Amino acid sequence: MPIHGSLFTEYAETTGQDPFTLQNKKMLKIQMQYGPVNAKLGSMVAYQGDVRFTNTGSGGLNKMLKSKLTGEGVNMMVAEGTGELFVADLASEIQLFYLENDMVSVNGNNVLAFSSSIEWDIHRVNAGRASMMAGGMFNVSLRGTGYVAVTTKGDPVCLDVSGAPTYADAEAVVLWTSGVSMDVRVDTGGLKSMLRGGTGELVQMAFGGQGYVMVQPSESVVEGGAQQNAQQSSGGGMLGNLLGG
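About the thresholds
- Residues numbered from 1 in each chain as written.
- Predicted model: local features only at pLDDT ≥ 70, side-chain atom pairs only at ≥ 80, totals over all residues.
- Heavy atoms only, no water.
- Phe/Tyr/Trp six-rings, centres within 6.5 Å; stacked < 30°, edge-to-face > 60°.
- Helix = DSSP H or I, 4+ residues; strand = E, 2+ residues; numbered from the N terminus.
- Buried < 20%, exposed > 50% of the residue type's maximum accessible area, 1.4 Å probe, protein only.
- Contact = heavy atoms within 4.5 Å.
- Polar contact = N/O pair within 3.5 Å; in protein donor to acceptor, adjacent residues only side chain to side chain.
- Patch = residues over 30% accessible without salt bridge, like charges linked within 9 Å, V, L, I, M, F, W, Y side chains within 5 Å.
- Areas by Shrake-Rupley, 256 points an atom, 1.4 Å probe, with all protein chains shown as cover.
- Salt bridge = Lys/Arg side-chain N within 4 Å of Asp/Glu carboxyl O.

The subject of this paragraph is the packing of aromatic side chains. When we look at a pair of aromatic rings, we describe it by the centre distance and by the angle of the planes. Evaluation of the coordinates by the stated rule reveals 4 aromatic pairs. Taken together, Phe20, Tyr98 and Tyr147 form an aromatic cluster joined through their ring pairs.

What follows covers the environment of Cys158. By the secondary structure assignment, Cys158 is in strand β10 (residues 157-160). Overall, the relative accessible area of 46% leaves Cys158 in the partly exposed class. Between the C-alpha atoms of Cys158 and Trp176, which are 18 residues apart in sequence, the distance is 8.9 Å.

Summarising the element assignment, Ser162 is placed in the loop between β10 and β11 (166-169). A residue is classified by how much of its surface remains accessible, and Ser162, at 37% relative accessible area, is partly exposed. Apart from residues no more than four positions distant in its own chain, Ser162 is found in contact with Gly209, Gln210 and Gly211. Within polar-contact distance, the side chain of Ser162 engages the side chain of Asp160 at 2.7 Å.

With that out of the way, let us pick up a nonpolar patch on the surface. A cluster of nonpolar side chains, contributed by Ile3, Leu7, Phe8 and Tyr11, occupies part of the molecular surface with about 470 Å² of accessible area. Locating Phe8 in the fold gives a position in helix α1 (residues 7-10).

To continue, consider unusual backbone geometry. A positive phi is found at Leu90, a non-glycine position, where the angle reads about 55 degrees. Note that Leu90 resides in the loop between β5 (76-87) and β6 (93-106). Relative accessible area serves as the criterion here: at 74%, Leu90 is assigned to the exposed category. Phi at Ala91 takes a positive value of approximately 60 degrees, unusual for a residue other than glycine.

This is how it looks when you write it as C-alpha cells:
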C-alpha cells in the first residue's frame, strides 16, 4: 500500500458487535441485523451493506399535531436492513445508555437514535407552575427496553438529585430519569440574562426526587423541550386534549 502512517489503523472501524456501539465520541455505529432503529432525520453519515431509510417525520398524525402545537418533538427516520449504519449530529458528543423497562425525559433536540422497541411521545412536564409560563413546557419521553443515544455539546455531568436540591440553567438540561421531579424557578436577579440582552429574569429548572439529571456544558438547547415556552395560546384547547391536560 503506497500510503504510509497510522491513519487507517488509528481510525479503523470498531469491531464491537453490540447493537449500538460508540465508534468514537461523536459517531455511533449501529448493527442492523438486530432489527430496525429510529434515528434523527439526516443523521446518517455512512453505512455498509443494504440499509434502507423511511422518513417518518414527527411519528404520525397525533405526534405531528403535538409537535406543531408545542414546538417540541424530533423528525425521525426508520432504518432497516443489513450491515452497519453510522450516525452523528453536527459532531456533537454522543452519550449511549440502555433502558430496561424504564423511562427518560429528553429535550427533543438532543435525541439521536434509539431501538425500535422504545416507545416515544411528546409529554407535558410540570403542568402546574410551568403552565403559567406561556402555557406549558414539553419534552420527549422515551420508554421501554432498548438502547438510547443522545447528543451533548461537550462532556456532560449527571447529577444525582437525591442528595440535595438541584438547580440547572434551563438551556443546559439535556434529560432526566424517571423518579425525578421538576419545577420551574425564575431568578429575577439573573445578571447573566441581562448580559445577554434579556430582562434579568433567568429561568432555572429545580429538580428533586430520586434519579439523575444530565446537564451539558453549553447553553445551546434553544429549540423545543421543557427548555422553551412553546405553546401558542390559540392552540390551548387542542393541546390539552392531545396531552391529556
